[in-house]
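The residues making up each chain are set out below.
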Amino acid sequence: MLVSYKWLKDFVDLDGVTPEALADRITNSGIEVEHLTYPGEGLKNIVVGKILTCEPHPESDHLHLCQVDLGSETVQIVCGAPNVAAGQKVPVATNGARIAGHVSIKRTKFRGEESNGMICALSELGVDKALAPYEDGIYVFDDEVPVGADALPYLNLDDAILDLDILVSSAHCMNMIGVAYEVGAVLNRPVHIPVPDPHETDEAAADAISVAVDAGDKVPYYGARLIKGIQVGPSPRWMQLRLIAAGIRPISNVVDISNYVMLEYGQPLHTFDFDAFGSNHVLVRFAGENETIETLDKQQRKLEPTDVVITNGKKAEAVAGVMGGESSEVTADTHTVLLESAIFDPMTIRKAALHLQMRTSASSRYEKGVDRNRVAAASDRAAELLTKYASAKVLRGIVGQGPQTVAEQTITMPWQKINRVLGAGLPPEQISGILKRLGFTAAIEGDTLHVSVPTRRFDVSIPEDLVEEVGRIYGYNNLPATLPEGEAIKASLTPYQKLMRRTEQLMEDCGLNQAFTYSLTTDENAAAYTIHDTDRRPTRVIWPMSEEHAVLRESIVPQLINAVGYHLNRQMTDVAFYEIGKVFLPKSGDPRPDEEEHLAGAITGNRTERNWEGEPQPVDFFTAKGILENLFDALALSDRIDYRPAKREGLHPGQTADVFLDGKVIGYVGALHPAVLKKEELNPTFVFEIAIEPLLRGKQPEIVYSGLPRFPSTARDIALVVKRTVPAADLYHVIQKNGAPLLQSVRLFDVYEGGHVAKDEKSMAFSLTYFDPERTLTDDEVNAVHDRILKACEEECGAELRG
Amino acid sequence: MNVLQEKLMELRRKAFENVESAEDLKNLQDLRVRFLGKKGPITEILKGMGKLSKEERPVIGQLANDVRNAIGNIIDTKKAELEQKLLEKELENEKIDVTLPGRKIRTGSHHLLASVIREVEDLFIGLGFSVAEGPEVEEDYYNFEALNLPKDHPARDMQDSFYITDEILMRTHTSPMQARTLEAHKGKGPVKIICPGKVYRRDTDDATHSHQFMQIEGLCVDKHIRLSDLKGVLTVFAKHIFGEDREIRLRPSFFPFTEPSVEMDISCFRCGGHGCAVCKGTGWIEILGAGMVHPNVLRMSGFDPSVYTGFAFGMGPERIAMLKYGIEDIRHFYTDDIRFLNQFRRA
Ligand SMILES: [Zn+2]
């Protein structure tokens, strides 16, 4: 809402309050002034001149030579505007003046003729060209402005414009009267709203027209005036300038007055050319099935049965609260006007504006709410202005249906609640005083506060609204800063949250950078690299902004692969990322997916730098796996984790393992398939994705302290030859199973193929540590277990002791 | 002085001379054997003591022992000296260029947004808040209706939300956790939570908009919660995150789920309030929205608004980070360029 500081002065005394101060005060008490602008900023030496003579330029077919009286002197000015004429009073940028865009005006010559200044169009003085009248020519003053005077005040270019950010709660400030009440309350100054006089004649409107409403509660009130003898022409200069300041282009007196009253009162009005309306009976009803209307913008519109239309009894002449019809539009030839001032249901208007895709200044006001009790006053105000500026004869009375006014809403509450919620200690008189400043009726009886809320404040209906009104006018900055009192409650991270932080730290200590990627991705990426295969369709949003972000991811790895690609494209070849985030797994029979927290990683390039010690070491499968092993160790889960070779789409069939927790697949680790590397133009890249919740949610084993060992342990190595197809994990299992309880740890320290080992076999050497906390083990005891392990390896894995 | 005495003195002199010029430990060991060994001259002399007179015996014996000890000592001293020299030589050989780079262990970085969230979490845990998490795919009811945004509310624009069905959508804010948490407490306070998480809006990604971003929601409901408590908590927050000298101001605003609603500004940390480019000349920077929980929100989630009051706030970690570090493009947070991420290792 653009608010003219000068216009506001009609209603509230602003003496001693600069526009800056006013903007500050309004902002701090509830309505943000987004911008404060001075339309005349930078202009200099613009005066009112009178064109005494206007002759064609001898050397040009479109320039004129004008002798212009500037009050102090008469000068010759060359002017090229098509509408220039002798006798006009015009704004003149004199020699040495500055016009819009910091352009300086100096004495010059046009085709040999001297020009001492410039006759200006409004756009040359900074007014938006789309709003200015006579957009192709100079501005012409229409009345007695004094020659030689500073022109800016007569063009309202000495004004300041406050741009208010209107929220749902401040819709009552979508008009000048509303803003005036707000400013009056903020400054604690009285507000003066003149009572309009409609200048009614004796002829009764009710004898000429009738109104009927058949639209249930969607039209609480509909009123119409009949106004005759209209002479359509331009509206007065002051009105045009105020409309321009508000961002509305002046059209004609009838249209301008309707817009002006809407700006002033917030009440949308509509004017029909009564002769074109087609009947003297106004019927307001719902649109019929397949009904259409040609609106003012010359578009054929199809109506919905929920739309309310204004009809002549047969045909729709307007879509209620949204836009008028083409056939009864006011034109230059209009003589009689039917003036509508009505109340429509906000939701009905909102729906109509939405489906017709016509958000007009009328519909947006109806949507947000209008003052229920200003509907007649607005009609009176328009009648007053039409009488004055369009020579109108206003017939007596408003012909309407429904109550013109309604009772004010009352709120009763304990006045101390206001202090309790604010944390303030305002005495009751101060509370009622603030409410009275806002124009509310307020009385305190004992503990009780009785408030009657003016209808223009349709945003105030419950006690909490009054808390806000008192708080904002008193000033939130005058409140103390306290901390909540009350019983102490436990506040700490949950075990899951603590472990999550630990996991993040561990990933970073392992060299991975934390990434955040988007949850919405492409159809193709959404279901790629998932931990579990399903044939359920991924979750898609109904109305995506783009196909890039249309479907909810079921895995994180594809997003990390993208991040790796991004870096390779920029010559960064060592890249390591992890991300912890939600994936969205579709469920059957439920549109809402399961949300699961996953940990994913992607690494490529080298894990050490190329440096003075030698060549860098590239990352490989075991780098990725080692990171996971670190994690499982940190979570004390390694005993319950297993790895099995796996074949997965997009991953190398020989370098991929499924990760099991207690025998259930919780994720995978693997190398990207060479075909993927080629397609995505990547270097060898290794990825993992793990469902992290089963890891972190499970009960953590208690830490059991066992003292320091009092007896030595015994180490034995064992080298076994097995078929190449036997996974190391199998031997581990057999060794561990058969070594219990004396076997303390197993470590694989050598894997060897070729040489003396047969072609389809490999040798694996383990270091085994035996230990008993209660005593020193004898050789015989160790040998017994060692032999048992060897035997089991032979039997279960076909292993042979390497000679 | 008799012959033996002279001989011993001569041995001593000779031994000293030899030890003095010994060049290595082997040499020295040879000398020890030669002079002090079982077959050495001193042992010889001592062995031949029986031939001496009663008077001579103790004198020669004493002298022989003194000479032996003196030689032993000089050899020990020399040995220590040689060993020291040897060690020095070894150390010299082991000298390295200590200015060569060390073997670093590569570590990764914590994402700036995660750092901001963690800092806020830790502050509020200290103020007695717990950290709650909620679903990102949300029911229309929790995302809107339970927050006093009925289906036809004008502040509800279908075009701003990623719907999955008419009733299911990507949450547009973390505020649904207000309703969910209150509901879980079954009408009994106190409730003090903060809830960080991802939210989604139908926006075209550009320097200042992102279709996915983070929010941190705060909620405090109890029997005597006041707007002044919100002011106090936010003051602590502003000072903690943006510096001890920060002041805050609350401006009235509007959110459907709070009444009264406020917007919090902090005094500009760049210019201290005089006006600069960061604060657009106003001296103040808008940080977050907050307010007293709307009675309808309390009621719908099972709390009696005549008994309980509360405050809520919502902030954007991206905005906080962008302001704090002068980051010009919100997309940087989701591009994960390591040259960006690594600048915030210490954040
Ligand atoms: Zn500043």
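As the structure is a computational prediction, the values presented were derived from the model and not from experiment.

Thresholds applied
- Residues numbered from 1 in each chain as written.
- Chains lettered and ligands numbered in written order.
- Predicted model: local features only at pLDDT ≥ 70, side-chain atom pairs only at ≥ 80, totals over all residues.
- Heavy atoms only, no water.
- Contact = heavy atoms within 4.5 Å.
- Buried area = accessible area lost by both parts, 1.4 Å probe.
- Salt bridge = Lys/Arg side-chain N within 4 Å of Asp/Glu carboxyl O.
- Nonpolar A, V, L, I, M, F, W, Y, C, P; charged D, E, K, R; others polar.
- Helix = DSSP H or I, 4+ residues; strand = E, 2+ residues; numbered from the N terminus.
- Buried < 20%, exposed > 50% of the residue type's maximum accessible area, 1.4 Å probe, protein only.
- Domains from an automatic or database assignment.
- Expected span 1.5 Å × (residues − 1).
- Donors = N, O, S within 2.8 Å, 3.2 Å for Na, K, Ca; no water.
- Tetrahedral: all angles 85-135°; square planar, octahedral: opposite > 155°, others 65-115°.
- Axes fitted to C-alpha atoms, helices over the stretch in contact; angles between N-to-C directions.
- Parallel < 35°, antiparallel > 145°, perpendicular 65-115°, else oblique.
- Core = buried A, V, L, I, M, F, W, Y, C linked by side-chain atoms within 4.5 Å.
- Phe/Tyr/Trp six-rings, centres within 6.5 Å; stacked < 30°, edge-to-face > 60°.

This part is about the interface of chain A and chain B. Across the contact, 87 residues belong to chain A and 93 residues belong to chain B. Among the residues chain A hides against chain B, the three largest losses belong to Phe516(A), Tyr518(A) and Arg592(A). Together they make up 10% of the total. Here Arg251(B) and Glu32(A) are joined by a salt bridge, their closest N and O atoms 4.0 Å apart. By residue class, the composition of the side of chain A that touches chain B is 37 nonpolar, 23 polar and 27 charged.

Considering all chains together, one arrives at 69 salt bridges over all chains under this definition. The salt bridge partner of Lys78(B) is Glu81(B), with a shortest N-O separation of 3.4 Å. One end of the pair is Lys78(B) and the other is Glu81(B), both in helix 4 (residues 56–93) and 3 residues apart, which spans about a single turn. Owing to a relative accessible area of 8%, Lys78(B) belongs among the buried residues under this scheme. Judged by relative accessible area, Glu81(B) falls into the partly exposed class, the value being 36%. Through salt bridges with shared partners, a single ionic network connects Glu32(A), Arg249(B), Arg251(B), Asp265(B) and Glu286(B).

The next thing to look at is the domain arrangement of chain B. One can read the domain layout of chain B as domain 1 (3–93) and domain 2 (112–344). Here the C-alpha centroids of domain 1 of chain B and domain 2 of chain B sit 90 Å apart.

So, on to helix 12 (residues 463–474) of chain A. Residue and element names in this part refer to chain A. Taking 1.5 Å per residue as the helical rise, helix 12 with its 12 residues ought to reach 16 Å, and the 16 Å between its terminal C-alpha atoms agrees with that figure. Counted residue by residue, helix 12 has 10 buried out of 12 residues, so it is predominantly covered. Every buried residue of helix 12 is listed here: Glu464, Asp465, Leu466, Val467, Glu468, Glu469, Val470, Gly471, Arg472 and Ile473. In the segment just after helix 12, Gly475 is the residue with positive phi, at about 105°.

Attention now goes to the coordination of the zinc ion. Residues and elements named next belong to chain B. Within the protein, Cys268 (SG), Cys271 (SG), Cys276 (SG) and Cys279 (SG) serve as the donor atoms for the zinc ion, at 2.2 to 2.3 Å. Taken together, the 4 donor atoms coordinating the zinc ion and their angles of 103 to 113° define a geometry best described as tetrahedral. In terms of primary sequence, the donors binding the zinc ion are separated according to C-x2-C-x4-C-x2-C. With Cys268 in the loop between strand 7 (258–267) and strand 8 (284–293) and Cys279 in the loop between strand 7 and strand 8, this residue pair connects regions lying 11 residues apart in the sequence.

With that settled, the discussion passes to the packing of helix 11 (residues 428–437) of chain A against helix 12 of chain A. Residues and elements named next belong to chain A. Put simply, helix 11 and helix 12 touch, their axes get as near as 10 Å, and they point 90° apart. With respect to helix 12, the element helix 11 is oriented roughly perpendicular. Mapping the contact onto sequence places Gln430, Ile431, Ile434, Leu435 and Arg437 in helix 11 and Leu466, Glu469, Val470, Ile473 and Tyr474 in helix 12. Residue classes in the contact of helix 11 with helix 12 are distributed as 7 nonpolar, 1 polar and 2 charged.

The next point concerns the nonpolar core. One finds Phe124(B), Phe237(B), Met264(B) and Phe333(B) to be the most contacted residues of the largest nonpolar core, which totals 104 residues. Setting aside residues up to four positions removed in sequence, Phe237(B) forms contacts with Val120(B), Leu123(B), Phe124(B), Met264(B), Ile287(B), Leu288(B), Met315(B) and Ile320(B). Of all hydrophobic cores here, the second largest spans 50 residues; its members include Ile26(A), Leu164(A), Ile177(A) and Val179(A).

Let us look at the packing of aromatic side chains. Residue and element names in this part refer to chain A. Using the criterion set out here, one finds 21 aromatic pairs over all chains in the structure. Centre to centre, the rings of Tyr139 and Phe141 are 5.4 Å apart; their planes meet at 85°, and the pair counts as edge-to-face. Residue classification places Tyr139 among the buried residues on the basis of a relative accessible area of 3%. A relative accessible area of 5% means that Phe141 is categorised as buried. Geometrically, the ring pair formed by Trp238 and Tyr389 is edge-to-face, given 5.7 Å between the ring centres and 70° between the ring planes. Pair noted here: Trp238 is in helix 4 (residues 237–245) and Tyr389 is in helix 9 (residues 375–389), with a separation of 151 residues, a long-range link. Of the residues examined, Trp238 reaches a relative accessible area of 29% and is grouped as partly exposed.

Attention now moves to the domain arrangement of chain A. One frequent convention defines the size of an interface as the accessible area lost when the parts assemble. All names here are of chain A. The domain boundaries assigned to chain A delineate domain 1 (2–31 + 163–187), domain 2 (44–155), domain 3 (200–401), domain 4 (409–477), domain 5 (495–697) and domain 6 (714–801). Between domain 1 and domain 4, the C-alpha centre-to-centre distance is 21 Å. Counting residues at the interface gives 10 residues for domain 1 and 8 residues for domain 4. Overall, the association of domain 1 and domain 4 removes approximately 890 Å² of surface from exposure, summing both partners, and the carbon and sulfur fraction of that is 52%. Considering only the surface of domain 1 that becomes buried against domain 4, His172, Tyr181 and Ala185 emerge as the three largest contributors, covering 52% of it. Where domain 1 touches domain 4, the interface holds 1 salt bridge.

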